[in-house]
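Chain by chain, the residues run as shown.
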Amino acid sequence: MRARSRRAACPQCGRGSRRMHSRYERRLTDASVAGTAVELRLRVRRFFCDVASCPALTFAEQIPGLTSKWTRRSPLMRRTLESIALALAGRAGARLAVMLGLTVGRSSMLRLIRALPDPDGAEVSVLGVDDFALRRGHHYATVLIDVDTRRPIDVLPDRRAETLQRWLAAHPSVRVICRDRAGSYAEGARSGAPDAVQVADRWHLWKNLGEHAEKTVARHLRCLLAAPAGPAEPTGPAEPVVAVPDTEQTVAPVLVVTAVDRTEQGLLGPRTRQRFQQVQELLARGATIRAIARELGLARGTVRRFARADSVHELLGKPHPGRPRVLDEHAGYLRQRLADGVTNAVTLFAELRERGYHGSATTLRTYLRPLRAATGRPPAPRRPPKARQLTSWLLTHPDRLAKDDREQLAQARAACPHLDTLATHIAAFAEILTARQGQRLNDWIAAVEACDQPDLRSFTAGLHRDYDAVVNGLTMTYSSGVVEGHVNRIKMIKRQMYGRANLDLLRKRILLA
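Conventions adopted
- Residues numbered from 1 in each chain as written.
- Predicted model: local features only at pLDDT ≥ 70, side-chain atom pairs only at ≥ 80, totals over all residues.
- Heavy atoms only, no water.
- Helix = DSSP H or I, 4+ residues; strand = E, 2+ residues; numbered from the N terminus.
- Buried < 20%, exposed > 50% of the residue type's maximum accessible area, 1.4 Å probe, protein only.
- Contact = heavy atoms within 4.5 Å.
- Core = buried A, V, L, I, M, F, W, Y, C linked by side-chain atoms within 4.5 Å.
- 1 Å grid on protein atoms, 1.4 Å probe; cavity = no way out; pocket = protein on both sides within 12 Å on 5 of 7 lines; lining within 4 Å.
- Points joined across faces, edges and corners; volume = space filled by probe spheres on them.
- Nonpolar A, V, L, I, M, F, W, Y, C, P; charged D, E, K, R; others polar.
- Phe/Tyr/Trp six-rings, centres within 6.5 Å; stacked < 30°, edge-to-face > 60°.
- Lys NZ or Arg CZ within 6 Å of the ring centre and 35° of its normal.
- pLDDT = per-residue confidence, 0-100.
- Pairing = 2+ DSSP bridges.
- Axes fitted to C-alpha atoms, helices over the stretch in contact; angles between N-to-C directions.
- Salt bridge = Lys/Arg side-chain N within 4 Å of Asp/Glu carboxyl O.

> Is there a simple way to think about the overall build of the protein in this case?
Regarding its fold elements, the protein presents 21 helices and 10 strands. Residues classed as buried in the protein amount to 38% of the 513 residues present. Sequence-distant contacts, at least 24 apart, represent 59% of the contacts inside the protein between residues at least 6 apart.

So this is what it looks like as structure tokens:
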């Protein structure tokens, strides 16, 4: 490519010159075309500067929009790589650049980011302040946001009050400071910009109230444990009841015969009767167990069981009409206990032992199985909600709660006067916060301090220490919502730059991306 001009201007003094010194070849990498790398070859001239007072003796000509000093990339190529680097950082940006036909390394991408100038320091009227973790639990930094333009304007290396104070002293145009409840930011704002209005964020106020409310709920959960549990839904429909002989006339019968035995309704009863008859006939003829099993196609154990049975009733699991069972004398007591909701076999076994029962626990479980099926499993008592769950119900508008949650919350408030009072105070503060009625804060604080709510009184003590900022937050329209959004964006940037995110590099991406 050839680019010629009659004269060139000296970059030092600005005077033009026509006296040429020499020529040399210059190569520039340009943006790719159809995914193919492009290289520009220029024949560049060097000129003498004829101004005696100029420190430059010679200078090379530059083509506006195409070349610049000490670079091997065209401005278009550099802007493209800078945009990719700001969006994806080093390694990911280099991979994308190679796919686009722009050969570059990950370290070069990071150098491009560091070489970018900071954005122009425009005057800020409404400032948002918040911290973010460089290493969670150890190192934190501060991000400063222009709330009006919703753009980050600076990143401070820590979250100390002195650092914020120095920045505010260098930027006297700040009139409103939106912040969270951190004491260091309050002190730094008060010292660095004493005339600025501080606004405590409403979301942080609500969060602080929820933290104190959860302590109260956890303290009074035992009131819910002592209260009678509300009715619960039955776990399933009741099944047909099996008749049990009743030998105790003092207890009114509870169970009624409503169905025939299950074995008579399917194929099990007729098949068992038929096989029992066949086995008994073959035994009467003198056949052996092995021969009967081979003839009927049954296992020898099955044939042996049929041969030893006195009657088909024993095989069907029914008691012989003339043979009493060991639990018959306790049938009425068991029916009454099942009606009372006691179905645990271990508990009933211990009670029957005291009543003179000498059988085994397995016999009792077998005896109880049809009775449990007949009465259905008793409804399990509803467990009281956990402290965090109950707190979330208190902090949620009643219209947004599910019907079951709303009922449990009403039961909890009815069971504990302290929780009912807590719910009343939370609802009143929510109205002040959503309607931005900061003038009602004093009345709310007085109502809280007049009742037995130590955790809420601790919350009001914190409101007194930051009273002006709290009232401004509950009255003015400013908030730290835009700042919290940028903190989330910073977390994404940190994950992209894991292992290579020094503060200077991170700061560039926060301010320019």
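> How should I be thinking about the nonpolar core in this particular structure?
Inside soluble globular proteins, nonpolar side chains tend to come together where they are buried. Among the nonpolar cores identified, the biggest contains 35 residues, and Leu81, Met109, Phe132, Val143 and Ile510 are the most heavily contacted of them. Looking at this core, the element that brings in the most residues is helix α1 (residues 75-99), giving 8 residues. With sequence-adjacent residues up to four places away left out, valine 143 is seen in contact with Gly128, Val129, Asp130, Phe132, Asp154, Val483, Val487, Ile490 and Ile510. Core analysis: the second largest hydrophobic core is formed by 32 residues, Trp393, Ala412, Leu456 and Val471 among them.

> So what exactly am I meant to see when it comes to helix α21 (residues 503-512) here?
Among the residues making up α21, those that are buried are Leu505, Leu506, Lys508, Arg509, Ile510 and Leu511. Turning to α21, the residues buried within the fold contact α1, α2 (106-115), β6 (126-135), β7 (139-146), β8 (151-156) and α20 (481-496).

> For this particular structure, what's the right way to read the layout of surface pockets?
Its volume calculated, the second largest pocket comes out at about 490 Å³. If you trace the second largest pocket, you find 18 residues lining it, with Leu394, Leu395, Thr396, His397 and Pro398 closest to the centre. If you list the elements that add at least two residues to the lining of the second largest pocket, you get α14 (387-394), α15 (403-415) and α16 (417-435). At 6 residues, α16 tops the list of elements feeding residues into the lining of the second largest pocket. For the lining of the second largest pocket, the class distribution of residues is 12 nonpolar, 3 polar and 3 charged.

> Quick question: what am I supposed to make of the packing of aromatic side chains here?
Given two aromatic rings, their pairing is described by the distance between the two centres and the angle made by the two planes. Counting across every chain of the model gives 5 aromatic pairs. When the centroid spacing of 4.8 Å and the interplanar angle of 55 degrees are considered together, the rings of phenylalanine 429 and tryptophan 444 count as tilted. Residue phenylalanine 429 is found in helix α16, and its partner tryptophan 444 is found in helix α17 (residues 441-449); the two are separated by 15 residues along the sequence. Taking relative accessible area as the criterion, tryptophan 444 reaches 4% and is therefore assigned buried. With centroids separated by 5.8 Å and ring planes inclined at 80 degrees, the aromatic side chains of phenylalanine 429 and phenylalanine 459 adopt a geometry described as edge-to-face. With phenylalanine 429 in helix α16 and phenylalanine 459 in helix α18 (residues 454-465), this residue pair connects regions lying 30 residues apart in the sequence. Aromatic rings pair up to connect Phe429, Trp444 and Phe459 into one cluster. When the ring centre of tyrosine 140 is taken as reference, the NZ or CZ atom of arginine 159 above it lies at 3.8 Å.

> How should the environment of valine 346 be read in this particular structure?
Within the secondary structure, valine 346 sits in helix α12 (residues 345-354). Separated by 18 residues in the primary sequence, valine 346 and leucine 364 place their C-alpha atoms 9.3 Å from one another.

> Quick question: what am I supposed to make of the confidence of the model for the protein here?
Interpretation of the predicted coordinates at a detailed level should be avoided for regions scoring low in pLDDT. This prediction gives the protein a mean pLDDT of 83; 86% of its residues lie at or above 70. This stretch, residues 231-266, has a pLDDT under 50; its non-local contacts, to residues over four places away or in other chains, come to 59 contacts.

> Just to check I follow, could you spell out the sheet that holds strand β3 (residues 20-33) for this structure?
One key point about sheets: their strands pair by backbone hydrogen bonds, in either a parallel or an antiparallel sense. With respect to topology, 3 strands assemble into an open sheet ordered β3-β4-β5, the strand pairing being antiparallel. Both outer strands of the open sheet, β3 and β5 (58-60), are each paired with one neighbouring strand and no more. Direction aside, neighbouring strands of the sheet carry axes that sit 20 degrees apart on average. Where strand β4 (residues 36-48) meets β5, 3 bridges bridge the pair, whose relative direction is antiparallel. Residue pairing for β5: phenylalanine 48 is matched across the bridge by threonine 58.

> How should the side chain of serine 74 be read in this particular structure?
In this structure, serine 74 sits in the loop between β5 and α1. On the basis of relative accessible area, serine 74 is assigned to the buried category, the value being 1%. Setting aside its immediate chain neighbours within four residues, serine 74 contacts Thr29, Asp30, Ala31 and Leu66.

> How should the pattern of salt bridges be read in this particular structure?
Pairing between side chains becomes possible if they bear opposite charge and their charged atoms approach one another. Scanning the entire structure with this criterion turns up 20 salt bridges. Among the ionic pairs, arginine 160 bridges to aspartate 158, the shortest N-O distance being 3.4 Å. With a shortest N-O distance of 3.7 Å, arginine 181 and aspartate 466 are connected by a salt bridge. You can see arginine 181 sitting in the loop between β9 (176-179) and α4 (183-192) and its partner aspartate 466 sitting in the loop between α18 and α19 (467-473), a full 285 residues away along the chain. The class of aspartate 466 is buried, set by a relative accessible area of 12%.

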